[in-house]
Amino acid sequence: MRADAQNTVAEIQKSLELLAQRMDRRTAQHRLEEFNARVEDPNLWDDPEAAQKLMRDRQALVDSIETYESIHREMSDTVELIELGEMEDDTEVVAEAEASLKVLAQKAAQKELEALLDGEADANDTFLEINAGAGGTESCDWASMLARMYVRWAEKKGYKVELQSESAGDEAGIKSATYKISGHNAYGWMKSESGVHRLVRISPYDSAAKRHTSFSSVWVYPVVDDNIEIEVNPADIRIDTYRSSGAGGQHVNTTDSAVRITHAPTGIVVTSSEKSQHQNRDIAMKALKSRLYQMELDRRNAEINAAHEAKGDAGWGNQIRSYVLQPYQMVKDLRTNYETSDTKGVLDGDLDGFMGATLALNVSGKSRAEAQGD
C-alpha cells in the first residue's frame, strides 16, 4: 500500500485500540454472557428500575462490541481490496478503496470520542450558564457571542435549546444567560466548556479602534434524571418572584412571574422567566437540584473538582481558552494546546475538536495525540 493509505490504517488501528480499552475488550464477551443470563431471569422485572438499568448497560456493551467489530472488519476488507487492486494494477479500485478508508478513519475517530462519554451523567441533558466578566460592555457583547456559538453548536448536533433566563447588558450583549440543552450526551460533550473564555479583538465600541481583551465565564452542569434523588430542605431555600428584564426579541421572555431560588447552605442562585409562575418554580427547582448534583459529582471526582475550582473569577489568569481575532486569527485551548486558525468556524459552533481533545485529556491525562503515541 501507498504511504498515505498505511497512515490512514494506522489512525484506524489507534482508534480501535482506544475503543478496546474503553470497553475492556478482554472481558467484554464474558460480561455480555452474564448480562444475557440475567435477562433470562423470570424475576428480572420485579424491580423495574434495576431491570431498565441492566438493559441499558447490556445494550451499551452490545453497541461497543458491534462498533469495534464493524470497524475492524471494514478496515480489513478495505485493506484486502486495496492489495488486490494493486496486484491487478486496477488504479480505479485502489482509489475508491483508499477513499473509503479515509471515511472509515473519520468514523472511527468519532466513535472513539463517543466512547469517552461514559461518565455517570454524560448521557443527560445539560444546563449552560454564561456570565459576562471583566470588561463592561465589551464582555457583555462577548457573552452574547459565546451564547450564539453554543446555540449553533447544539443545533448542529440536533439538540433542543431552550432559554431559561437572560439579563441584558446595559448597552449591548448580555450580562448573563442560562440555557437548557436537551439531547443524548449533551452534558458529556458540554462539560469540558466550563471555565473562563478570553477574547482579544479590535473593539467595535472603541472609536480609536484599539485592541481590547474581554472575559466571560461558562458553567455547565447536568440536568438531573427523575430517578436520581436529590433532597432539598425547604428551610434552606428562599423563593423570590420579580419582573424579569431583558432587551426583548425572540429569545427573551419578559413577564411578571420570574422566579429566583437561593440555596442558603451553598449560596447557589437559580432563576427562570417563563410565562407561568408554576412552570418557573419547577424549572428553577430542577436547575437547583442539578447544581447540587453537579457539586456531588465534583466531590467524587477530584479532577473535575479541581477544574471547577481553577475556573475562578472571569478575568486574567483563569481562562481555559483564548479567542484571538487581532492581530492574528487563533483559538487555542490552554488545557490541551488544541488550536485552530479557523476563528469564524469556531464562533459558528465548530467545537467538536476542542471538546474531543479535552475529553481525551480528562480520561487519560494526555491529549489525543499523546495517547495515540503510546
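Residues numbered from 1 in each chain as written. Predicted model: local features only at pLDDT ≥ 70, side-chain atom pairs only at ≥ 80, totals over all residues. Heavy atoms only, no water.

1. Regarding the overall build of the protein chain
Under the convention used in this document: Numbering of helices and strands runs from the N terminus, with a helix taken as a DSSP run of H or I at least four residues long and a strand as a DSSP run of E at least two residues long. Note on exposure labels: buried denotes an accessible area under 20% of the residue type's maximum, exposed denotes more than 50%, and partly exposed covers the range between, all computed with a 1.4 Å probe on protein chains only. In this analysis, two residues are considered to be in contact whenever any of their non-hydrogen atoms come within 4.5 Å of each other. Computed by Shrake-Rupley with a 1.4 Å probe, the accessible areas treat only the displayed protein chains as cover when residues are assessed.
A tally of regular secondary structure across the protein chain gives 11 helices and 11 strands. Per-residue burial over the protein chain gives 44% buried out of 374 residues. A separation of at least 24 residues holds for 62% of the contacts in the protein chain among residues at least 6 apart in sequence. For the protein chain, the exposed surface amounts to about 19700 Å²; the carbon and sulfur share of it is 46%.

2. Notes on the nonpolar core
As a reminder, the rule being used: Only buried residues count toward a nonpolar core. Its members are Ala, Val, Leu, Ile, Met, Phe, Trp, Tyr and Cys residues joined through side-chain atoms within 4.5 Å.
Formed by 56 residues in total, the largest nonpolar core has its most connected members in Leu128, Tyr150 and Tyr323. The element best represented in this core is helix H5 (residues 137-157), accounting for 10 residues. Residue contacts for leucine 128: discarding those within four places in its chain leaves Tyr150, Ala177, Thr178, Tyr179, Ile181, Met190, Val218, Trp219 and Val220. If you look at the next biggest cluster of nonpolar residues, it comprises 27 residues, including Leu16, Val62, Val79 and Ile82.

3. Brief notes about the sheet that holds strand S3 (residues 174-182)
Adjacent strands of a sheet form backbone hydrogen bonds with each other and so pair up, either parallel or antiparallel. To keep it simple, the criterion reads: Note on pairing: two strands pair once DSSP finds at least 2 bridges between them. The convention used is that axes are lines fitted to C-alpha atoms, helices contributing only their stretch in contact, and that angles between N-to-C directions extend from 0 to 180 degrees.
Taken together, the 8 strands give an open sheet; going across it, the order is S2-S3-S1-S5-S4-S9-S10-S11, and neighbouring strands pair in mixed fashion. Both outer strands of the open sheet, strand S2 (160-168) and strand S11 (339-340), are each paired with one neighbouring strand and no more. Two strands pair when backbone bridges link them, and S2 and S3 are joined in this way by 8 bridges, in the antiparallel orientation. Bridging from a neighbouring strand, valine 161 pairs with isoleucine 181 of S3. The sheet contacts of H5 involve strand S1 (126-132), S2, S3, strand S4 (195-202), strand S5 (211-222) and strand S9 (319-324), and relative to S5 the element is tilted by about 45°.

4. Side note on the confidence of the model for the protein chain
Just so we agree on the cut-off: Residue-level confidence of the predictor is what pLDDT reports, using numbers from 0 through 100.
Counting all residues, the mean pLDDT for the protein chain is 83, and 84% of those residues have values of 70 or more. Between the elements of the protein chain, mean pLDDT differs from a low of 44, seen in helix H11 (residues 368-372), to a high of 97, seen in helix H9 (residues 343-347). Within the model, pLDDT remains below 50 along residues 246-255, and this stretch shows 20 contacts once partners closer than five positions in the same chain are excluded. Residue range residues 307-312 is modelled with pLDDT below 50. Its contacts to residues more than four positions away, or to other chains, number 14 contacts.

5. Concerning helix H3 (residues 48-87)
Put simply, the rule is: Take the number of residues in a helix, subtract one, and multiply by 1.5 Å to get its expected span.
End to end, H3 covers 58 Å across 40 residues, agreeing with the expected 58 Å (1.5 Å per residue, within 8%). Within H3 the residues assigned to the buried category are Ala51, Leu54, Leu61, Val62, Ile65, Tyr68, Ile71, Met75, Thr78, Val79, Ile82 and Gly85. Structurally, H3 contributes buried residues whose contacts are with helix H1 (3-23), helix H2 (25-39) and helix H4 (91-115). Immediately downstream of H3, the backbone of aspartate 89 shows phi near 60°, a positive value.

6. Description of the sheet that holds strand S8 (residues 268-272)
Taken in spatial order, the 3 strands line up as S6-S7-S8 in an open sheet, and their pairing is antiparallel. With partners counted over all chains shown, the strands left at the sheet margins are strand S6 (237-242) and S8, one partner each. Averaged over all pairs of adjacent strands, the angle between strand axes in this sheet comes to 15°, irrespective of strand direction. Summarising the sheet, S6 and strand S7 (residues 258-263) pair through 6 bridges and their orientation is antiparallel. Bridging across to S7, tyrosine 242 finds its partner in alanine 258.

7. Things to note about the layout of surface pockets
Formally: Put simply, the grid is 1 Å and covers the protein atoms alone, a cavity is a trapped set of points that fit a 1.4 Å probe, a pocket is an open set with protein on both sides within 12 Å along at least five of seven lines, and lining residues have an atom within 4 Å of a point. Grid points are joined across faces, edges and corners, and a volume is the space filled by probe spheres set on the points. Residues are grouped as follows: Ala, Val, Leu, Ile, Met, Phe, Trp, Tyr, Cys and Pro are nonpolar; Asp, Glu, Lys and Arg are charged; all remaining types, including Gly, are polar.
Counted as a void, the largest pocket has a volume near 1400 Å³. Lining the largest pocket are 33 residues, and of these Arg56, Asp57, Ala60, Leu117 and Asp118 lie nearest its centre. At 11 residues, H3 tops the list of elements feeding residues into the lining of the largest pocket. Across the lining of the largest pocket, the residue classes tally to 11 nonpolar, 9 polar and 13 charged.

8. Quick word on H4
End to end, H4 covers 36 Å across 25 residues, agreeing with the expected 36 Å (1.5 Å per residue, within 8%). Among the residues of H4, those classed as buried are Val94, Ala97, Glu98, Leu101, Leu104, Ala105, Ala108, Glu112 and Leu113.

9. Considerations on the side chain of glutamine 319
Relative to the elements of secondary structure, glutamine 319 occurs in strand S9. Not counting the four nearest positions on each side in its chain, glutamine 319 is found in contact with Val196, Arg198, Phe215 and Leu334.

10. Thoughts on the pattern of salt bridges
As a working rule, side chains carrying opposite charge can pair if their charged atoms are close by. Stated formally: Take a side-chain nitrogen of Lys or Arg and a carboxyl oxygen of Asp or Glu: if they are within 4 Å of each other, that pair is a salt bridge.
Inspection of every chain in the model, using the stated rule, returns 20 salt bridges. Across the pair aspartate 141 and arginine 201 runs a salt bridge whose closest N-O atoms are separated by 2.7 Å. In this pair, aspartate 141 sits in helix H5 while arginine 201 sits in strand S4, placing the two residues 60 residues apart along the sequence. Of the two residues, aspartate 141 and arginine 201, both sit in the buried class.

11. Considering the environment of asparagine 185
Note the cut-off: Residues adjacent in sequence count toward polar contacts only when both atoms are side-chain atoms; beyond that, a polar contact is any pair of N or O atoms within 3.5 Å, and within protein one must be able to donate a hydrogen and the other to accept it.
Inspection of the secondary structure puts asparagine 185 in the loop between S3 and helix H6 (186-190). Its relative accessible area of 10% is what places asparagine 185 among the buried residues. Separated by 71 residues in the primary sequence, asparagine 185 and glutamate 114 place their C-alpha atoms 8.6 Å from one another. With near-sequence residues (within four places) excluded, asparagine 185 lies in contact with Leu117, Asp122, Ala123, Asn124 and Tyr159. Among the polar contacts listed, one links the side chain of asparagine 185 to the side chain of histidine 184, at a separation of 3.4 Å.

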